[in-house]
Amino acid sequence: MGVLQYSRVLVIIALVGVINCAFKHHLPELPYLKTQLEPYIRTQIMELHHEKHHQGYVKNLNIAMEDLEAEAKDRSMEQQMSSQDIHDNIWNIMKVKDDDIRTRLRNFGGGHINHSFFWKLLIPSGNVKFI
């Protein structure tokens, strides 16, 4: 498997892991202390990026999911697509009729997924083991 194919597999795994959670999305806990990335990433930057920036994606994703639910109630049973459909299959996002909701789901969901993956890629100083 080439590097590009491997990267695509990792992204799909990340998408499934984040989107298939319960309806309310939550800010994930960091797998290390915010101070453990010093001196490379300052603690204040970690706090700002995790607790403000990433939390903003989570908050706005939850609002978009609520808007999707409200919008679905206005449609007939045949036309309805619930947030669970989005959770079950990320590709269903393209079926969302409302452009604004679809864009917000893509942007905020993508930001949440990317940041959740990003936190796992960082390694605290001294924890690197070369093979």
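Residues numbered from 1 in each chain as written. Predicted model: local features only at pLDDT ≥ 70, side-chain atom pairs only at ≥ 80, totals over all residues. Heavy atoms only, no water.

Peer 1: Mind laying out the pattern of salt bridges, listing which residues take part and the relevant values?
Peer 2: Pairing between side chains of opposite charge can happen when the charged atoms of each approach one another. Under the defined criterion, the tally for this structure stands at five salt bridges. In this structure, Lys34 and Glu51 form a salt bridge, with 2.4 Å as the shortest nitrogen-oxygen distance. Placement of the pair is Lys34 in the loop between helix H1 (3-19) and helix H2 (43-73) and Glu51 in helix H2, with a sequence separation of 17 residues. By relative accessible area, which is 36% here, Glu51 ends up partly exposed. Of the charged contacts, one joins Asp100 and Arg104 as a salt bridge, the two residues approaching to 3.1 Å between their closest N and O atoms. Taken together, the residues span about one helical turn, with Asp100 and Arg104 both in helix H4 (residues 99-121) at a distance of four residues. Three or more residues joined by partner-sharing salt bridges are found here, namely Asp67, Asp100 and Arg104. (Salt bridge = Lys/Arg side-chain N within 4 Å of Asp/Glu carboxyl O. Helix = DSSP H or I, 4+ residues; strand = E, 2+ residues; numbered from the N terminus. Buried < 20%, exposed > 50% of the residue type's maximum accessible area, 1.4 Å probe, protein only.)

Peer 1: Quick rundown of the packing of H2 against H4? Include the residues and the values.
Peer 2: At a minimum axis distance of 8 Å, the contact between H2 and H4 shows a crossing angle of 145 degrees. In terms of crossing hand, the pair formed by H2 and H4 is left-handed. In the contact of H2 with H4, the residues fall into twelve nonpolar, eleven polar and three charged. (Axes fitted to C-alpha atoms, helices over the stretch in contact; angles between N-to-C directions. Left-handed = near helix turned anticlockwise from the far one by under 90°. Nonpolar A, V, L, I, M, F, W, Y, C, P; charged D, E, K, R; others polar.)

Peer 1: Tell me about the nonpolar core, and name the residues and values.
Peer 2: If you look at the biggest cluster of nonpolar residues, it comprises eight residues: Leu61, Ala64, Met65, Leu68, Ile93, Val96, Ile101 and Leu105. Of all the elements in the fold, those that place two or more residues in this core are H2 and H4. The biggest single contributor to this core is H2, with four residues. Core analysis: the second largest hydrophobic core is formed by six residues, Leu30, Tyr32, Trp119 and Leu122 among them. (Core = buried A, V, L, I, M, F, W, Y, C linked by side-chain atoms within 4.5 Å.)

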